[in-house]
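Structure assessment
The chain contents come next:
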Amino acid sequence: MSASAFAALPVIIETAINGATQPARNPHVPVTVEAITRDAIACLRAGAAIVHTHAPLGDFGLPPEQAAARYFESYRAILAAEPDALLYPTIGGGSTMSERLAHIDILAGAGVLRIGLMDPGSMILGWAGADGAPSHDSFLYINTFADMETALAQATRHRLGISLAIYEPGFLRNALVYWRLGRLPPGAMIKFYFGGDAGYFGSGQGVSFGLPPTAKALDAYLEMLQLAGCELPWSVAVMGGDLFETPVARLALERGGHLHTGLEDHLGSGQPDNVELTRRAVQLCNEVGRPVATAAQAALMLELPRITAAASG
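From a predicted model like this one, the values you see are computed outputs, not experimental measurements. (Residues numbered from 1 in each chain as written. Predicted model: local features only at pLDDT ≥ 70, side-chain atom pairs only at ≥ 80, totals over all residues. Heavy atoms only, no water.)

So, about the packing of aromatic side chains. By the definition in use, this model includes 11 aromatic pairs. Judged by centre distance (5.2 Å) and plane angle (75°), the ring pair of Trp127 and Phe201 falls under edge-to-face. Of this pair, Trp127 sits in the loop between strand 5 (123–125) and strand 6 (139–141) while Phe201 sits in the loop between strand 8 (189–195) and helix 7 (215–228), placing them 74 residues apart in sequence. Judged by centre distance (5.0 Å) and plane angle (85°), the ring pair of Tyr167 and Tyr193 falls under edge-to-face. Highlighted residues: Tyr167 in the loop between strand 7 (161–166) and helix 6 (169–180) and Tyr193 in strand 8, separated in sequence by 26 residues. Summarising the burial analysis for this pair, Tyr167 and Tyr193 share the class buried. One aromatic cluster in this structure is built from Trp127, Phe139, Tyr167, Phe171, Tyr193, Tyr200, Phe201 and Phe209. (Phe/Tyr/Trp six-rings, centres within 6.5 Å; stacked < 30°, edge-to-face > 60°. Helix = DSSP H or I, 4+ residues; strand = E, 2+ residues; numbered from the N terminus. Buried < 20%, exposed > 50% of the residue type's maximum accessible area, 1.4 Å probe, protein only.)

Next up on the list: the side chain of Glu264. Secondary-structure assignment places Glu264 in the loop between strand 10 (258–261) and helix 9 (274–288). Within the buried core, Glu264 has no salt-bridge partner, and the shortest N-O distance to an opposite charge, that of Arg25, equals 8.9 Å. Setting aside anything within four residues of it in sequence, one finds Glu264 in contact with Ala16, Ile17, Asn18, Gly19, Ala20, Thr21, Arg25, His52, His54 and Tyr200. (Lys, Arg positive; Asp, Glu negative; His and termini not counted. Salt bridge = Lys/Arg side-chain N within 4 Å of Asp/Glu carboxyl O. Contact = heavy atoms within 4.5 Å.)

What follows concerns unusual backbone geometry. Non-glycine residue Arg159 carries a positive phi angle of around 55°. Along the chain, the position of Arg159 falls in the loop between helix 5 (145–158) and strand 7. The backbone of Glu303 sits at a positive phi, close to 60°, despite the residue not being glycine. Mapped onto the secondary structure, Glu303 falls in the segment after helix 10 (295–301). Residue classification places Glu303 among the exposed residues on the basis of a relative accessible area of 58%.

Once that is clear, we can look at the state of the cysteines. Throughout the structure, instances matching the rule amount to 0 disulfides. Counting only cysteine sulfurs, Cys285 is the nearest neighbor of Cys43, a cysteine outside any disulfide, at a range of 14 Å. (Disulfide = S-S within 2.5 Å.)

Right, let's talk about the pairing of strand 9 (residues 234–239) for a bit. Counting buried residues in strand 9 gives 6 out of 6 residues, a clear majority hidden from the surface. Neither face of strand 9 is exposed, since Trp234, Val236 and Val238 on one face and Ser235, Ala237 and Met239 on the opposite face are all buried. Here strand 8 runs beside strand 9; their pairing, made up of 6 bridges, is parallel. Bridge pairing in strand 9 links Tyr193 to Ala237. Crossover connection from strand 8 via helix 7 to parallel strand 9: handedness right-handed. By the bridge criterion, 2 bridges tie strand 9 to strand 10 in an arrangement that is parallel. What sits directly across from Ser235, in strand 10, is His258. Taken together, strand 9, helix 8 (residues 248–254) and strand 10 form a β-α-β motif whose crossover is right-handed. (Pairing = 2+ DSSP bridges. Right-handed = clockwise from strand over helix to strand, strands pointing away.)

So, on to the sheet that holds strand 2 (residues 50–52). Strand order in this open sheet of 8 strands is 3-2-1-10-9-8-7-4, and the pairing throughout is parallel. Sheet topology places strand 3 (86–88) and strand 4 (115–118) at the edges, where each strand pairs with a single neighbour. Across this sheet, the average inter-strand angle for adjacent strands is 25°, counted without regard to direction. Direction of pairing for strand 7 relative to strand 8: parallel, over a ladder of 4 bridges. (Axes fitted to C-alpha atoms, helices over the stretch in contact; angles between N-to-C directions.)

Next up on the list: the side chain of His260. Topologically, His260 is positioned in strand 10. By relative accessible area, His260 is classed as buried at 1%. Separated by 3.3 Å, the side chains of His260 and Glu14 make a polar contact. Beyond its immediate chain neighbours, meaning those up to four positions away, His260 contacts Glu14, Ala16, Lys191, Tyr193, Ser235, Val236, Ala237, Met239, Leu243 and Asp265. (Polar contact = N/O pair within 3.5 Å; in protein donor to acceptor, adjacent residues only side chain to side chain.)

Another aspect to go through is the pattern of salt bridges. Side-chain pairing between opposite charges can occur once the charged atoms of the two side chains come close. Per the stated rule, a full pass over the model turns up 7 salt bridges. In this structure, Lys191 and Glu14 form a salt bridge, with 2.7 Å as the shortest nitrogen-oxygen distance. Of this pair, Lys191 sits in strand 8 while Glu14 sits in strand 1 (residues 13–16), and the two are 177 residues apart along the sequence. Take Lys191: its relative accessible area is 1%, and that puts it in the buried class. The buried category is assigned to Glu14, whose relative accessible area is 2%. With its nearest N and O atoms 3.7 Å apart, the salt bridge here joins Arg280 to Asp242. Note that Arg280 is positioned in helix 9 and Asp242 in the loop between strand 9 and helix 8, a separation of 38 residues in sequence. The class of Arg280 is partly exposed, set by a relative accessible area of 23%.

Listed below in structure tokens is the structure:
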């Protein structure tokens, strides 16, 4: 299908504002509740429809109740300023998937979430050591089918859309199984995470994951969707690289896709902040000739339910 066929389709821009990136890598990354709140509001006003956040620095291992309280502190303030904002956190700690997602139960119950998450597969999350070889501290990131079904059940229970992070082609095959069975909730969105040369953690060079950010790699993913007959919305991201210095950003817009950017992902020349990366996404949309979706438009496109009145409590 030609690029002109998608000219009227608004682009959903998602900005992942923190995460693996720490201040030593980019001093602009927000790592406190106050900074996360400011960045999220600024990105939404610059053109983002979805903002993905991690808890403040050092909070990953907190019990679910405490982690949820930290997320809620920023999410409540963001929604007070931008009531249509679409927000969602990362996974938490715990020995079971129910424990790792328990903070989402709390946040959904408080009415500040319309999106949940599922990582439909397993992989090695690694980085390069000083000698360029894979670090022995690298680890397996494991999500079993039972784990995936726990995430799906949670999203269904709370009427959340679901963010499907696709790190490897096998992740997409797994997600398509649940799509084919009709078990993905309304609001499901596929996120193609391409591996930049520095990998997810942006450490060293040459130890990465998944497919590289090339036109043929994007074609492979889109062919998988086509073969399945799946028309779920999808976006592109480059972890440990610069999305806008690869062909996949423009190609995604020309083929009806969306953009996922932000300091969680970005590693390139200079040290931009999240607002600058959001604006670069908006600029590319303008160059390609596609409008940018507001958060309210994105919610309609994704068929997300409204936030409940509990959000203001």
